[in-house]
Amino acid sequence: MDLTAAVDVIRAPLGEILPRVSAALSEAIAHRAVAELSGNCPHSPFKTHGDPPGDPGTAITTAEMAALAPMARAEGTWQGRAWLAGAEVPVLAVYSDATARGALLVLVRTEETPVPAGALAAARALWDLVTAHRDRMAAEAVPGALGQSRAAAAARATAIAELVDAHGAALSALLGVLRGRDLDDRTARARAVDLAVGALAELRARTDRDQALVEEPAGDAFARLAESLRPELRGLSVRLDLGPPGTEEGADRLLAADVANTARAVVRAVVHAMLNEQGPGQDGAPRPVRRVHIGWKVGAGELRATVRDDGPGVLRRTALDARRVGERLAVLGGRLDVDAVPEWGTTVTATVPLGPPQPAREDPLDVLGARELEVLEQLARGRRNRQIAQELHISESTVKFHVANILEKLGVTSRGEAAALAHTWGATGS
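Residues numbered from 1 in each chain as written. Predicted model: local features only at pLDDT ≥ 70, side-chain atom pairs only at ≥ 80, totals over all residues. Heavy atoms only, no water.

Visitor: What is the right way to read the sheet that holds strand E5 (residues 103-109) from this model?
Guide: Strands belonging to one sheet form pairs held by backbone hydrogen bonds; the direction of such a pair is parallel or antiparallel. In space, the 5 strands of this open sheet follow the order E2-E1-E5-E4-E3, with antiparallel pairing throughout. Edge positions in the sheet fall to strand E2 (46-50) and strand E3 (77-84), since each has one partner strand and no second. Ignoring which end each strand starts from, the neighbouring axes of this sheet average 25° apart. Inspection of the sheet shows E3 paired to strand E4 (residues 87-96) by 8 bridges, in the antiparallel sense. Looking across to E4, one finds that Trp 83 is bridged to Glu 88. Seen against the sheet, helix H3 (residues 62-75) touches strand E1 (31-38), E2, E3, E4 and E5 and runs at an angle of roughly 160° to E3. (Pairing = 2+ DSSP bridges. Helix = DSSP H or I, 4+ residues; strand = E, 2+ residues; numbered from the N terminus. Axes fitted to C-alpha atoms, helices over the stretch in contact; angles between N-to-C directions. Contact = heavy atoms within 4.5 Å.)

Visitor: I tried to follow the packing of helix H11 (residues 370-380) against helix H13 (residues 396-410) on my own but got confused; where do I start?
Guide: Relative orientation and spacing of two packed helices are given, respectively, by the angle between their axes and the distance between those axes. One way to put it is that H11 packs onto H13 with a least axis distance of 10 Å and a crossing angle of 95°. What the angle tells us is that H11 and H13 run roughly perpendicular. For the pair H11 and H13, contact is made by Arg 371, Glu 372, Val 375, Leu 376 and Leu 379 and by His 402, Val 403, Asn 405, Ile 406, Lys 409 and Leu 410, respectively. Residue composition of the contact of H11 with H13, grouped by class: 6 nonpolar, 2 polar and 3 charged. (Parallel < 35°, antiparallel > 145°, perpendicular 65-115°, else oblique. Nonpolar A, V, L, I, M, F, W, Y, C, P; charged D, E, K, R; others polar.)

Visitor: Mind showing me how you'd approach the packing of aromatic side chains here?
Guide: How two aromatic rings sit relative to each other is given by the distance of their centres and the angle of their planes. Evaluated as defined, the whole model comprises 1 aromatic pair. Here the aromatic rings of Phe 222 and Trp 296 are separated by 5.4 Å at their centres, their planes lie at 75°, and the arrangement is edge-to-face. Here Trp 296 lies in strand E11 (residues 291-298) and Phe 222 lies in helix H7 (residues 218-234), a separation of 74 residues in the sequence. Judged by its relative accessible area of 3%, Phe 222 falls in the buried class. (Phe/Tyr/Trp six-rings, centres within 6.5 Å; stacked < 30°, edge-to-face > 60°. Buried < 20%, exposed > 50% of the residue type's maximum accessible area, 1.4 Å probe, protein only.)

Visitor: What is the right way to look at the sheet that holds E11 in this model?
Guide: Taken in spatial order, the 5 strands of this open sheet run E7-E11-E12-E14-E13, and their pairing is mixed. Looking at the sheet topology across the chains shown, the edges are occupied by strand E7 (239-243) and strand E13 (335-341). Adjacent strand axes in the sheet meet at a mean angle of 10° when their direction is disregarded. Relative to strand E14 (residues 345-353), E13 runs antiparallel, the two being bridged by 7 bridges. Residue pairing across strands places Ala 340 opposite Thr 346, the latter belonging to E14. H7 rests against E7 and E11 of the sheet, and its axis sits at about 170° to E11. Relative to the sheet, helix H8 (residues 257-276) contacts E11, strand E12 (302-309) and E14, its axis offset from that of E12 by approximately 15°.

Next comes the structure, spelled out in structure tokens:
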């Protein structure tokens, strides 16, 4: 493998990196499938490429990958036979510690002979490069990658939630039956219970592994931000005041990787802009920034990051736009507020939603006409046809006609259901 192959890999779109890694290593290390488990790719921490081992339709699991991680982590690489996708196959596991969370690459080999030391070193160097490259993209919250991360993370979270609900309910029901007193075969029942308990434990472990790879506590995320800023500000004689999230501010709240990375990238960009946008005070003398305060607070649905300085108060939104601050926030549906007061300094507040925006619900009452809405409002107040007719100055037969149309348009079968919709969507006038 040469540097040209490495350049080809890191230039690839995110979804093509693993296939290109496989292609770059194929000549030196013959293999038929690759899989990765990494914490620097929040939108998809577990990926595979190629033909999986074992029977058709089987697939490598995160549990099998996780079992190889400790062995590969010790020396950087490990080769031998391992169970993957229901089959024992020769593998090479390559571990990168180029980032705090690490990254594991597993190649399903086509032969048993040991991989030469030179090829092992090349594979590890390439994987370190790829790991560091993707970690930088995540840390800098590149808008294109960020959008892909948020969309895929939402789909993955939905799939995991559905999987947990379905399997959890099925296994819980199985346990309830097996623990019943009407079964005579104690040995079979005990074995079945053990199997079901083990399956539940593995299901929970899989969820925990996924969560550990793509989430981190808000307090830890803030600490990483502070650690990256201290050396820069110390050299400029700028005092850094920190307001980390405490218990009340959500220090233990888990943040999705894209949220944490965006918040850190935005705060760093704001701090750099504040230091570069220094200017004179009202007396014309230079007024440098001497103090920067950074605070985070995690609410029910958003992370609010505040950066405040004691500079000349001349920072403008355009300076932040030049550093792609607004663009980064826009990808996640966030917002930015800048409050610059001459002689008093600047306060910048960035708000990042903790999850994808919820799609707006379509109002089912939009299908009704103005007169039908009036009839529905009276119906929701519990009034009968005669009372509605008197209130709206129309005939009772007209009321019946409108009620029939309302039920049909709303797709309900009773006046009570229609009234419930009216209360839910605010058609009662109260």
